[in-house]
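# A structural walkthrough
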Amino acid sequence: MVVYSFYVFDRHAECIYKKKWALRPGSSSKIPQPNGISDGQPQSKALSAEDDAKLVFGTIFSLRNMVRKLGGPEDNFISYRTSHYKLHYYETPTSLKFVMVTDTKTNNLRIVLHQIYVSLYVEYVVKNPLSPVEHPGGLGVNCELFELGVEQFVVSNIGRG
């Protein structure tokens, strides 16, 4: 299994944590062929990390609202898959949103995202008296223990590439 990226969004739609391990297929500009000839497709400019986070949040916001309108308030958006990647989603009761982007062969990671929330985010961020309760203006999670915990958790439990 390959984990491409991981995001945490607060209730104000701000990305408060992001971590990338590998590039998603199709997310960067096209690599020229060995013979120096382009493959004929237009080259796309890679998104900045901030734009990428906004795009991910917009996607989950739209899909979550569509699921609730079509299925009712009891239905939840869990994940969706494209031909290149799979996006996994977990929302906490306090409206924190945990998003992980993986390869398409990965099974549902809702339980894994819940474990990251309970065992890492709550322990190292929420219970940290030096960590702010709100993250205004995109001020992200600045906790080294949380970052190390996420890295170790993903490498040991999921694999990253």
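Keep in mind that this is a model prediction, so the values were computed, not measured.

In this section: the overall build of the protein chain. A count of helices and strands for the protein chain gives three helices and five strands. Ordered by position from N to C terminus, the α and β elements of the protein chain give β-β-α-β-β-β-α-α. Here the protein chain holds 161 residues, and the buried ones make up 37% of them. Long-range contacts, defined here as pairs at least 24 residues apart, represent 50% of the contacts in the protein chain between residues at least 6 apart. Counting every atom, the protein chain has about 9600 Å² of accessible surface; 55% of that belongs to carbon and sulfur.

Right, let's talk about the pairing of strand β2 (residues 15-20) for a bit. Strand direction decides the pairing type here: strand β1 (residues 3-9) and β2, joined by five bridges, are antiparallel. Across the sheet, Val8 pairs through a bridge with Tyr17, a residue of β2.

Turning our attention to the confidence of the model for the protein chain. Mean pLDDT over the protein chain: 81, with 80% of residues reaching 70 or higher. Low pLDDT, under 50, characterises residues 29-43; the stretch is placed with seven contacts to residues that sit more than four places away or in other chains.

Turning next to the nonpolar core. Residues Phe6, Phe98, Met100, Ile116, Tyr121, Phe146 and Val150 are the most contacted members of the largest nonpolar core, which totals 26 residues. Examining the composition of this core, we find that eight residues originate from one element, helix α2 (residues 110-126), more than from any other. If we skip the residues at most four places from it in the chain, Ile116 touches Phe6, Phe98, Met100, Tyr121, Val150 and Phe153. By size, the runner-up hydrophobic cluster in this structure holds 15 residues, among which are Phe57, Phe77, Leu87 and Tyr89.

Before going further, it helps to spend a moment on the pairing of strand β5 (residues 97-102). Counting buried residues along β5, six of its six residues qualify, which places the element largely inside the surrounding structure. Where β1 lies against β5, six bridges are found, and the strand directions are antiparallel. Along β5, the bridge assignment pairs Val8 with Phe98. Across six bridges, strand β4 (residues 86-91) lies against β5 in antiparallel orientation. From the neighbouring strand, His88 faces β5, where its bridge partner is Met100.

Between α2 and helix α3 (residues 144-158), the least distance of the axes is 9 Å, while the angle of their chain directions is 155°. Between α2 and α3, the crossing angle belongs to the class labelled roughly antiparallel. The hand of the α2/α3 crossing is right-handed. Seen from α2, the contacting residues are Val112, Gln115, Ile116, Leu120, Tyr121, Tyr124 and Val125; seen from α3, they are Leu145, Phe146, Gly149, Val150, Phe153 and Ile158. Counted by class, the contact of α2 with α3 contains eleven nonpolar, two polar and no charged residues.

Note on pairing: side chains with opposite charge can pair once their charged atoms come close. Taken as a whole and assessed by the stated rule, the structure comprises seven salt bridges. For Asp52, the salt bridge identified is with Lys20, shortest N-O distance 2.7 Å. With Asp52 in helix α1 (residues 49-71) and Lys20 in strand β2, the pair connects residues that are 32 residues apart, well separated along the chain. Since its relative accessible area comes to 3%, Asp52 is described here as buried. Lys20 gets classed as partly exposed once you look at its relative accessible area, which sits at 41%.

Rules used in this analysis
Residues numbered from 1 in each chain as written. Predicted model: local features only at pLDDT ≥ 70, side-chain atom pairs only at ≥ 80, totals over all residues. Heavy atoms only, no water. Helix = DSSP H or I, 4+ residues; strand = E, 2+ residues; numbered from the N terminus. Buried < 20%, exposed > 50% of the residue type's maximum accessible area, 1.4 Å probe, protein only. Contact = heavy atoms within 4.5 Å. Areas by Shrake-Rupley, 256 points an atom, 1.4 Å probe, with all protein chains shown as cover. Pairing = 2+ DSSP bridges. pLDDT = per-residue confidence, 0-100. Core = buried A, V, L, I, M, F, W, Y, C linked by side-chain atoms within 4.5 Å. Axes fitted to C-alpha atoms, helices over the stretch in contact; angles between N-to-C directions. Parallel < 35°, antiparallel > 145°, perpendicular 65-115°, else oblique. Left-handed = near helix turned anticlockwise from the far one by under 90°. Nonpolar A, V, L, I, M, F, W, Y, C, P; charged D, E, K, R; others polar. Salt bridge = Lys/Arg side-chain N within 4 Å of Asp/Glu carboxyl O.

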